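The lines below spell out each chain.
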Amino acid sequence: MSSAQTKQGVQSQSRQMKSGPWLHAWHDPVASIKAHSSCVRLVDLNGDRSNILLVADENKKMRVYKGTSIVAEHQLLDHPVSMCVFYTSSGSNSMPAVGIAGGSYVFIYRHLRPYFKFSLPCIELDPQDESIWQEMTSEQIDSEAGYQMLSQARDGGAKLSSWSLDFLSLEKEDQRYAYVQAKKGVEHKQHTVVTCMETMKKDHDAEDAVSSLVIGTENNQILILDPSGSKVICQAMLPSTPTIMAITGLYDVEWRIVVACRDGKIYTIKNGETRGNAVVTGIVIELETQPNALARIEKYIYVTTMEGSLSCYHIKGRKVFSLSLPSPATCLGVAKISRSRVMEALIVSLGNGEVRLYNGKHMIHSLQMDDVVVAMRWGQFGREQNSCALIGRSGSLTLKMMSRNANLEKGDKISGPPAEQDIPLKVPKKTKLFVEQSEREVLNATQMHRIFQRDLVKLRLTTARSYVKVITSGEA
């Protein structure tokens, strides 16, 4: 083999060790995408087993990537909070629908065209708040009297509507009068907004299985819609506002929803004894700081927090381990790889641009990116099963693929005691002089101890005399 071939082989091996199990597929530094992980999906929209990339941008645009180019771009009606892909019917010819949550609505698209809009149920108004507004709009009381009554209701702990909060924020009397006049003839409703959204399979676990949308709202509710997305079939009330969800199970069999809320706690919702009922279990995981990402693998819950830690909890609430990260995590995802058996690994992106791959608490590989990853999505892209779409803070788009020979069983760095701990120390052999000194210490132990104590007392006495001498001579 020539020296040039040897050098090329060494360079290729060095690049492979640097990238680890990842293979670079494509990078677009000027994609100008502003989105987070819940608004990025990989889906087969055309039924040709070739997945495309859907991105709901913060600029109210839905981008469709096929291969390395944008094939379509659609204008959205509101700023997207989350985007999910779900099947409304089963069959070989069924095509997925796309649900995009924004504000108080979920916009459902078929064939990338607007199809249906689901409105969140209105919140029940406080009776005191409702009665005050009825009196003001019917001119039974003037706006100033209503202002005083609403102020007293707020101080008394009543939950006021958005009308009342906006009304109380007005400082001038003429502004308050004009506000009341504008509300005459308008139905008094209190709307809520979507905070998070995921999907739940109905009766079997498959990519094209019928599924339902699961919505978290600002008024602490979890809503499960029917497969068509037109009505609520199950709901649950949480102590705080949900922000992140991880769903496992089937709706017709058994399911669990792990929810991270704004109060820094993780709650679990499960199906009740009868269909259509949901129960919030007594298992509550209290975190030290606010969570920013959540994932579930089998019976374990993985969560990253804002102070820069990755923690693992059992579904029963017991803490398994906690790892300190060099930088706070920005994204957390699950890489599901189907080979001879299904393997699941954890993908963690950090604020320093590092993307780590974990198998349990063992780090398999670390990849340094040119940009901080703020959104990621694992799945099939094109016809490649194991792909990962990464969106950078600057708006760049990167596609990575997992090598088919990648070993995810064991990492190079194993946490725990170092391997040197099991290596015995090279203790020198005992010499004749050491043995003689040991025997002398055993035979004369009492006398040696008395001599040590006597010398110690003499040292203390000498120190005290020197201290007194310094004080009396005025040198201090």
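Quick note: structure is the one above.
Everything numeric in this text was worked out from a predicted model, so none of it was measured.

## Here's the deal with the sheet that holds strand E27 (residues 384–392)
- A sheet is described by the order of its strands in space; here 4 strands give the open sequence E1-E28-E27-E26, paired in antiparallel fashion. If you trace the sheet from one side to the other, it starts and ends with strand E1 (22–28) and strand E26 (373–381), each paired once. This sheet shows a mean twist of 20° between the axes of neighbouring strands, independent of strand direction.
- Inspection of the sheet shows E27 paired to strand E28 (residues 397–402) by 5 bridges, in the antiparallel sense. Across the sheet, the residue bridging to Ile391 is Leu397, located in E28.

## Looking at the sheet that holds strand E22 (residues 329–338)
- Judged by pairing direction, the sheet is antiparallel, and its 4 strands sit side by side in the order E22-E23-E24-E25 without closing on themselves. One side of each edge strand has no neighbouring strand; the edge strands of this open sheet are E22 and strand E25 (362–368). Across the sheet, the mean angle from the axis of one strand to that of its neighbour is 20°, orientation sign disregarded.

## Quick notes on the packing of aromatic side chains
- In total, this model carries 10 aromatic pairs according to the counting rule given.
- Centroid distance Trp22 to Trp378: 6.3 Å. Interplanar angle 70°. Geometry classified as edge-to-face. Of this pair, Trp22 sits in strand E1 while Trp378 sits in strand E26, and the two are 356 residues apart along the sequence. Judged on exposure class, the residue Trp22 and its partner Trp378 are both buried.
- Where Phe167 meets Tyr179, the ring centres are 6.1 Å apart and the plane angle is 35°; that geometry is what we call tilted. Of this pair, Phe167 sits in helix H4 (residues 162–168) while Tyr179 is found in helix H5 (residues 173–182), placing the two residues 12 residues apart along the sequence.
- Taking the relative accessible area as the measure of exposure, Phe167 reaches 0% and is therefore buried.

## Section: the pattern of salt bridges
- One pass over the structure, following the stated rule, counts 14 salt bridges.
- Between Glu139 and Lys184 there is a salt bridge, with its nearest N and O atoms 2.3 Å apart. Of the two residues, Glu139 sits in the loop between helix H2 (127–137) and helix H3 (143–155) while Lys184 sits in the loop between H5 and strand E10 (194–201), which places them 45 residues apart along the sequence.
- The salt bridge partner of Arg404 is Glu384, with a shortest N-O separation of 3.5 Å. Separated by 20 residues along the polypeptide, Arg404 in the loop between E28 and helix H6 (432–443) and Glu384 in strand E27 bring together distant segments of the chain.
- Arg404 gets classed as exposed once you look at its relative accessible area, which sits at 66%.

## Remarks on the side chain of Arg176
- Structurally, the position occupied by Arg176 is in helix H5.
- Using a relative accessible area of 7% as the deciding quantity, one classes Arg176 as buried.
- Separated by 2.9 Å, the side chain of Arg176 and the backbone oxygen of Leu170 make a polar contact.
- Leave out the neighbours within four places in its chain, and Arg176 touches Ser143, Glu144, Tyr147, Phe167, Leu170 and Glu171.

## Describing the packing of H2 against H3
- Here H2 crosses H3 at 175°, and the two axes come no closer than 10 Å. Taken together, the axes of H2 and H3 are roughly antiparallel relative to one another. Of H3, the residues touching H2 (which contributes Gln128, Asp129, Ile132, Trp133, Glu135 and Met136) are Ser143, Gly146, Met149, Leu150 and Ala153.
- Grouping the constituent residues of the contact of H2 with H3 by class yields 6 nonpolar, 3 polar and 2 charged.

Conventions used here
The numbers attached to residues start from 1 for each chain and follow its sequence in the written order. Side-chain atom pairs in this predicted model are given and counted only at pLDDT of 80 or more, local residue features only at pLDDT of at least 70, and totals for whole chains, interfaces and linings cover all residues. The basis for every side-chain value is the complete set of non-hydrogen atoms in the structure, without hydrogens or water. When DSSP finds at least two bridges between two strands, those strands are taken to pair. Runs of E in the DSSP output that reach at least two residues are strands. Runs of H or I that reach at least four are helices, and both are numbered from the N terminus. Comment: axis = line fitted to C-alpha atoms, over the contacting stretch for helices; angle = value between 0 and 180 degrees taken between N-to-C directions. Within 6.5 Å between ring centres, the rings of Phe, Tyr and Trp (the latter by its six-membered ring) count as paired, and their orientation is classed by plane angle as stacked under 30 degrees, edge-to-face over 60, tilted in between. In this scheme, a residue with accessible area under 20% of its type's maximum is buried, one over 50% is exposed, and one in between is partly exposed, where area comes from a 1.4 Å probe on protein chains only. Any carboxyl oxygen of Asp or Glu that lies within 4 Å of a side-chain nitrogen of Lys or Arg is treated as forming a salt bridge with it. Within 3.5 Å is the distance limit for a polar contact, defined as a pair of N or O atoms, with the added protein rule that one can donate a hydrogen and the other accept it, and that residues adjacent in sequence qualify only through two side-chain atoms. When checking whether two residues touch, look at their non-hydrogen atoms; a contact exists if any pair is within 4.5 Å. What sets the label is the angle itself: under 35 degrees gives roughly parallel, over 145 gives roughly antiparallel, 65 to 115 gives roughly perpendicular, and the rest give oblique. We call Asp, Glu, Lys and Arg charged. Ala, Val, Leu, Ile, Met, Phe, Trp, Tyr, Cys and Pro are nonpolar, and the rest, Gly among them, are polar.

By themselves, these are just geometric observations and shouldn't be taken as functional.
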